[in-house]
Amino acid sequence: MEWFDTWGLSLIVFLPLVGALLLMLLPREQEESHKWVSLITTAIVLVLSVVAAANFDFGAAKSFQYEVNESWISAIGANYHVGIDGISLPLLVLSGFVTLLSVIYSWNHWEEPRNPRAFLALMLVLLTGMNGTFVALDLVLFFIFFELVLLPMYFMIGIWGDKSERELPVFGKTVSVRLYAAIKFFLFTLFGSAFMLLGFLALYFNSADSVAGRTFDIPALIARAPELTMLPVAGWIFAGLFLGFAVKVPMFPFHTWLPDAHTAAPTVGSVLLAAILLKLGSYGFIRIALPILPEQAKQWAPIIAILAVIGIIYGALACLAQSDMKRLIAFSSVGHMGFVMLGIATLTDVGINAAIIGMVAHGVITGLLFFLAGSMSHRYHTRDMARLGGNQSLMPMLGGILAFTAMASLGLPGLAGFWGEFMSLLGSYNPLEGLSIGLFRTAMVIGAVGTVLTAGYLLWMLQKVNLGEPKAEWDGHEFHDVDKFEMAAWVPLIVTIIAIGVYPKIVFGATTDAVQALVQTAFGG
Amino acid sequence: MTLVPVLVLAALLFSLGVYGLLARRNAVLVLLAIELMLNAVNINLIAFEAMIRDSLATGQVFAIFVITVAAAEVGIGLAIVLLIFRNRATANVDEFNLMKW
Amino acid sequence: MTNFLLAAAEEEVHEIVAGTGGFFGEYAWIMLVLPWIAVLGIIFFGKRMKYLGAEIAIAMLAFNTIWSTILFVLNITKGVVYEGAVVIAEIGSDLVFELGWVVDGLSIMMYFVVSFVGLVIFIYAVGYMEGDVRVTWFFAAFTIFAGSMLVLVGAPNLVQLIIGWEGVGLASYLLIGHYWEKKENSSAGMKAFYTNKVADVGLIIGAIMVGATLGTFRFSELSRAAVEHADDLALVAGMIGALLFFGAMGKSAQFPFHIWLPDAMAGPTPVSALMHAATMVTAGVYLMARTFPLYQNLAEDIRPWMVAIGAITLFAMGLLALVANDIKKVLAYSTVSQLGYMMTAVAAGGYTAGVFHLFTHAFFKALLFLGAGSVIHAVHSNNMSDMGGLRKVMPRTYWTFLIGSLALAGILPFAGFWSKDEILVTLGHEGYTAVMWIAIAGAFVTAFYMTRAVTLTFWGTYKGHGHPHESKPIMTVPLITLAVPAAIIGLLNIPGVEFGNTGNFTTWLGMREVVMGDHHASAPDWGMAAIGLGAAVLGILAGLALYARDRATQQERDEFEIPVLYPLLRRKYYMDDAALGLVWLIKAPFANAINWINDYIIDGMVNTVGFVTSGLAHLVYGGLDQRGIDLGFNAMAYGSGGSGERLRRLQTGQLQQYASVFVGAAVMFVIGFVLFR
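In this text, all values refer to a predicted model and were calculated from it rather than measured experimentally. The written sequence of each chain sets the order in which its residues are numbered from 1. By the order in which they are written, chains take letters starting at A while ligands take numbers starting at 1. In keeping with the model being predicted, local features are shown solely for residues with a pLDDT of at least 70 and side-chain atom pairs are shown and tallied solely at 80 or more, while totals for entire chains, interfaces and linings include all residues.

Caption draft 1: Geometry of the overall build of chain A. Each helix and strand in chain A was counted, giving 21 helices and 4 strands. Over its C-alpha trace chain A gives a radius of gyration of 22 Å, about what one expects of a compact globule, namely 24 Å for 525 residues. Counting only C-alpha atoms, chain A reaches 75 × 60 × 50 Å along its principal axes. With C-beta atoms placed from the backbone, the exposure class of a residue follows from how many other C-beta atoms lie within 10 Å of its own: 20 or more, buried; 12 or fewer, exposed; in between, partly exposed. Split into buried and exposed, the 525 residues of chain A put 63% on the buried side. The contact criterion used here is simple: two residues whose C-beta atoms, placed from the backbone, lie within 7 Å are in contact. Intrachain contacts of chain A at a sequence separation of at least 6 include 80% that bridge at least 24 residues. In this text, helices come from DSSP runs of H or I with a minimum length of four residues, and strands from runs of E with a minimum of two, each type numbered from the N-terminal end. In this setup the radius of gyration rests on C-alpha atoms only. A globule is expected at 2.2 Å times the number of residues raised to 0.38.

Caption draft 2: Just the overall build of chain B, in detail. What chain B contains, in helices and strands, is 3 helices and 0 strands. N-terminal to C-terminal, the α/β element order of chain B is α-α-α. The C-alpha atoms of chain B give a radius of gyration of 17 Å, which is well past the 13 Å a tight globule of 101 residues would have. Dimensions of chain B, computed from the C-alpha atoms along their principal axes, are close to 50 × 25 × 25 Å. Taken across its 101 residues, chain B has 13% of its residues classed as buried. Restricting the contact set of chain B to residue pairs at least 6 apart, pairs at least 24 apart contribute 51%.

Caption draft 3: Examining the interface of chain C and chain A more closely. Facing the 49 residues of chain C at the interface are 48 residues of chain A. When residues of the side of chain C that touches chain A are traced back to their parent elements, those giving at least two are strand 2 (82–92), strand 3 (95–103), helix 7 (158–176), helix 8 (183–214) and helix 27 (574–647) of chain C. Its residues assigned to classes, the side of chain C that touches chain A shows 29 nonpolar, 12 polar and 8 charged. Under this grouping Gly is polar, as are all residues other than the nonpolar Ala, Val, Leu, Ile, Met, Phe, Trp, Tyr, Cys and Pro and the charged Asp, Glu, Lys and Arg.

Caption draft 4: Quick look at the interface of chain B and chain C. Listed by partner, the interface residues are 10 residues for chain B and 9 residues for chain C. Residues of the side of chain B that touches chain C, tallied by class, amount to 8 nonpolar, 1 polar and 1 charged.

Caption draft 5: Structural detail: the packing of helix 14 (residues 325–346) of chain A against helix 15 (residues 349–380) of chain A. Relative orientation of the contacting elements helix 14 of chain A and helix 15 of chain A amounts to 175°, with a least axis distance of 8 Å. By the angle between their axes, helix 14 of chain A is roughly antiparallel relative to helix 15 of chain A. An axis is simply a line fitted to the C-alpha atoms; with a helix, the fit covers only the stretch in contact. Between two such axes, the angle follows the N-to-C directions and lies from 0 to 180 degrees. Angles below 35 degrees are treated as roughly parallel, those above 145 as roughly antiparallel, those between 65 and 115 as roughly perpendicular, and all remaining angles as oblique.

Caption draft 6: Seen up close, helix 20 (residues 415–429) of chain C. Expected helix span is computed as 1.5 Å times (number of residues minus one). The terminal C-alpha atoms of helix 20 of chain C lie 22 Å apart, and with 15 residues this matches the ideal 21 Å at 1.5 Å per residue to within 8%. Of all 15 residues making up helix 20 of chain C, 14 are buried, and the element is well covered by its neighbours.

Caption draft 7: Quick peek at the environment of Ala266(C). Residues and elements named next belong to chain C. Here Ala-266 lies in the loop between helix 11 (260–263) and helix 12 (269–278). Expressed as a C-alpha distance, the spacing of Ala-266 and Tyr-179, which sit 87 residues apart in the sequence, is 8.2 Å. Once residues within four sequence positions are removed from consideration, Ala-266 is found in contact with Ile-176, Glu-184, Asn-185 and Ala-188.

Caption draft 8: Quick look at the pairing of strand 3 of chain C. Residue and element names in this part refer to chain C. In terms of burial, strand 3 is a largely internal element, 9 of the 9 residues being buried. Covered by surrounding structure in strand 3 are Leu-95, Phe-97, Leu-99, Trp-101 and Val-103 together with Val-96, Glu-98, Gly-100 and Val-102, the residues of both alternating faces. At least two bridges found by DSSP between two strands are what make those strands a pair. Bridge count between strand 2 and strand 3: 9 bridges; the pairing is antiparallel. Considered in strand 3, the bridge of Tyr-82 is made with Val-103. Count of turn residues in the strand 2/strand 3 antiparallel hairpin: 2 residues, of which Ser-93 carries a positive phi of about 55°.

Caption draft 9: Just unusual backbone geometry, in detail. In this model, Val249(A) is joined to Pro250(A) through a cis peptide bond whose omega is -10°. Topologically, Pro250(A) is positioned in the loop between helix 10 (234–248) and helix 11 (257–264). In this model, Phe252(A) is joined to Pro253(A) through a cis peptide bond whose omega is 0°. By the secondary structure assignment, Pro253(A) is in the loop between helix 10 and helix 11. We note that His229(C) has phi near 55°; this positive angle belongs to a residue other than glycine. Along the chain, His229(C) falls in the loop between helix 9 (219–227) and helix 10 (231–251). At Ala253(C), a position not held by glycine, the phi torsion is positive, near 55°. Along the chain, Ala253(C) turns up in the loop between helix 10 and helix 11. Among the residues examined, Ala253(C) registers 32 C-beta atoms within 10 Å and is labelled buried.

Caption draft 10: How the structure looks around the environment of Leu367(C). Residues and elements named next belong to chain C. Tracing the chain through its elements places Leu-367 in helix 17 (residues 351–379). Sequence spacing of Leu-367 and Ala-348 is 19 residues, and the spatial spacing of their C-alpha atoms is 28 Å. If we skip the residues at most four places from it in the chain, Leu-367 touches Thr-400, Gly-404, Leu-479, Leu-482, Ala-483 and Ala-486.

Caption draft 11: Highlighting the nonpolar core. Any set of buried Ala, Val, Leu, Ile, Met, Phe, Trp, Tyr and Cys residues joined through C-beta atoms within 7 Å is what this text calls a nonpolar core. Membership of the largest hydrophobic core comes to 452 residues, with the highest contact counts inside it found for Ala289(A), Leu317(A), Ala57(C), Val117(C), Ala366(C) and Ala486(C). Dropping the residues within four chain positions of it, Ala366(C) is found in contact with Val117(C), Ile121(C), Ala273(C), Leu274(C), Ala277(C), Ala278(C) and Leu482(C). Within the second largest apolar cluster, 5 residues are counted, among which are Leu21(B), Ala27(B), Val30(B) and Ala33(B).

Caption draft 12: Local environment of the arrangement of the chains. Highest in contacts among the 2 pairs of chains that touch are chains A and C. In this view chain A stays clear of chain B, with the nearest C-alpha atoms of the two still 22 Å from each other.

Caption draft 13: The arrangement of the confidence of the model for chain B in detail. The score called pLDDT rates the predictor's confidence residue by residue, from a low of 0 to a high of 100. Looking at chain B, the pLDDT average stands at 88 and 96% of residues meet or exceed 70. Interface confidence in the predicted complex, given as ipTM, is 0.91; pTM for the same model is 0.84.

Caption draft 14: View of the packing of helix 4 (residues 54–78) of chain C against helix 5 (residues 105–128) of chain C. All names here are of chain C. Direction vectors running N to C along helix 4 and helix 5 enclose 150°, while the axes themselves pass 8 Å from each other. Put simply, helix 4 runs roughly antiparallel to helix 5. As helix 4 packs across helix 5, the resulting crossing turns out to be left-handed. Judged by residue contacts, Ala-54, Ala-57, Ile-58, Leu-61, Ala-62, Asn-64, Thr-65, Ser-68, Thr-69, Leu-71, Phe-72 and Asn-75 of helix 4 engage Gly-105, Ile-108, Tyr-111, Phe-112, Ser-115, Phe-116, Gly-118, Leu-119, Phe-122, Ile-123 and Val-126 from helix 5. Here is the rule for handedness: rotate from the far helix to the near one, and if that takes an anticlockwise turn smaller than a right angle the crossing is left-handed, while a clockwise turn gives right-handed.

Rendered as structure tokens:
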């Protein structure tokens, strides 16, 4: 396995790109072979990620493994530097996992205008971008992968998205839902990442005293954190990074692209968007913003915490006002990512651990919820909850899985969602020394109230969609319950939700040491 | 030799060129006007060179550069005009609106 | 998931208490894991089995009953106490999450109650649910409940307790809403889940505070720190105590969180029997008992408040049982009232008294619910106005129901007498004299409403439709099985009476690491027993006086202001008049007032909160989000689009126009250069 240590991560990142090229070479008509090529590619990528996890030295989870550091653009000191530690490992496996399931689900679920070749190719490019972001240890590399994910998602939403039109409030303009959402998504993220890039450049120019020593290398920048964080411009740099990551997370008030993008995106697009793309932002906070600029992180932590709890309450309230099932699930992401950000804002090992398991749990749970919402609108041709109802008796299996997932999403203990919520509240009870205890404990209480509201909207959704008698308009309709492709895509997610819920060490086994080391170096606590 | 009369000549020539550029409607004449302006610049270059007597003869070298570029520019310009004339049967710049948004 | 546990169990089990567990203690985790295997078995194979999966659940519960009985014997004879745990996560800051199991007096008692009462009720449910929709699903959810409850009572730490706690909440939600085609049923399920979720905020924050203060979530460490009066814990103990109690109030339906329990009767009767009477609702009392040293040693300030809430619950909710027509609602309010007794006792310092009442109540209340279920099954109605005269056609149900009622009313040899008496003694001993008298009044009310229920259901003439007949043996045998403990189990804890050298219930319950300092009488307090018994007998007599005579309609029987008052006045002058007046006084203004408060104020508040939240939600989404924040971003987009629209008009495509701008700019530069050089 010598070769794996050096080539493993590069394979995980670039194999999907090779698969995408291969798809482009195949004639457009051969849909079966397109499916198989992408299935095999994603399967290999997942297997490689699992192999990477299996060979991972958990005793040394805090140091980067499978590291490759080759000179790339020597003129600006950018290197091809990749590697994973305990923080990125779970997310890397998660992205391969969810993408594989998305391919399986896609097998016979195609949104108009079909064209599986292009859709699958975009999915593979997306996988490259996501995996690349999680393994990149160089700011330029990170930025490239971070931006790479925009493109496929833009096209997925813009081409395969919701075909209807809607009227914008106040402006009164009628817009095509999918185009509006796609452009909004793209511009929002680009807006944030422009500031993030400025931050990266500022870090670069201050990364060494002499021009020759300047670098984009993340570990090198972390090593230099004590000097960097004392810079007069450090506050501005952090602000830039904050904007870039906060838009991606998304944190209140930068969240408005999210419901539109989720509602408009095709099912698989929503799944990947919720499961992986949102994590790029919070991952960026943990990987880049906190360790490189610890002092600024301390100054910004109260702001992040306040925005996070606003997000929790706000997301839950907005959910209660929805009539569109998919939009409700989309807004639930705002709340859940609020818990993740609250965990990060505590700047403690417990809180950051909470954020990571929250990210993984939100990935599998909300991913599954979007799968379900997609399958339901596929069958009913509507997402309007007022017209749904009695789903449990029309399709018992689908209804059962929906109920299970909603329970997981509201943070039922024993399922994956609980740990993230509980631990981020636990973390905010005792935030990092020097942070305002009063503020964080208030945040804890508000967050706990948020869990109640979360339960409220999910139960309400279940009652509207699943329970009661079916509406008269569905009389005489034949509904076929969960088919085998859906089963194959969902069962692994269900098993993961239970497994993480019962034995969260699956995640914490990798992360705890790494997080502790991170907090230790950055904040000495 | 005094510099002023030469500079006045060049300025007059340049102004003629500007007038032609802005006022003529025929594309060929516009191109000629541009040539006038370029040549006015050339005169200036040579005149200053003659006064300063730079050891590298920068002024003359630049003048030759300008002449070369002008030749190429006129070549491309006339080709464009010719093509437009063929397509639209006019060489009147007012009627060229291809660059409009 | 079992594999994880098994694999981890081999290396990482660490003993917290010295290993006197023996085989049965060390492997007691099987009781906690088995139900989940049963759930999977029922879901995957249940539909193909003869009893649709019930047999798997019954086998599991029978196994657990036997195991817990063995544990009980070992516990009282050899002092087997054990606590084991598997680390499921290290989360930093030296905190760990563990799953584990406790074997001590308290948990063994709970294992036994859950398994044994569960077993009996599951067998009953096979008969009761026959021909129902979704029988397999019913048993799967019911088994989820049994599993969660065992996880809860076996929990060595707060985190696992929360897991079980919400697990039983989930099962409750699923089973209350079992007939979810009707909106009111699914709403009742939601109400139960949601009320509990609100209270759980207290439990979760309390758990967080324990973990953050002590660096562990274990009950044993919490108890030890409390007994040692650890300084860091002492600072926040009152807060923690209040928060945990807040959580317990939700699960144990204490005032004002009781509102979910009567609605929860929408579920099938076996569910009401096991979950909403015998076990689940006692989880809050169990939590208080588990963390008793905290309240005993550090959180003393809040105990009077807890006693007050318990007292309000036990009296006010008992009164509500007087006006209910639905037989299950009578029992539901009675359950709330009895939970109030337990809570009052534990809060006042009567660890044993409260838990003993929990123990006896589990048997006789389960029995009463099953009896009610048998009746409902026969007459196809929940309303007592459709019953009456069933004594002759359903003799087995009648006699067992009667035993249960006598036990609940607290009549001498039956179970409820002993446990209620112990509570009264404890209240007196701890100095809560006023509360003690409330509790005695509560005993009167209890006896009164049970008499009313028995009379209206079984005596007189039948007022419903059809021909009711006795239930099948699969339903009556469980009734008889439960009637035996309901009659005699109180004898386990007669003060001063010991069973050989093993002591009695009090000693058995004290088999745990941190010894309790609560009060135990060494001999029966006959004076208190007489008062309690007197109140109960008075209640029965009052009930009989009012309801024994058969009348045609519920209206006539219940609203006795004129039609009932009149003949009674004619017959007996002052005695009945006084009794009746007293009852009327209590019933009409108080009970109705409380009913009104319940419906309008508390429920109203809940509904108001609901509507306000909903309105707020629309305001936030429609107003703030769509017209506020999103508007800002859209305005930015349209602003830049619009300005681009205007700016592009500059681009005319006119060559000479461009050139003139260019020349003009050059001239400006030259002028500028000349002027400002």
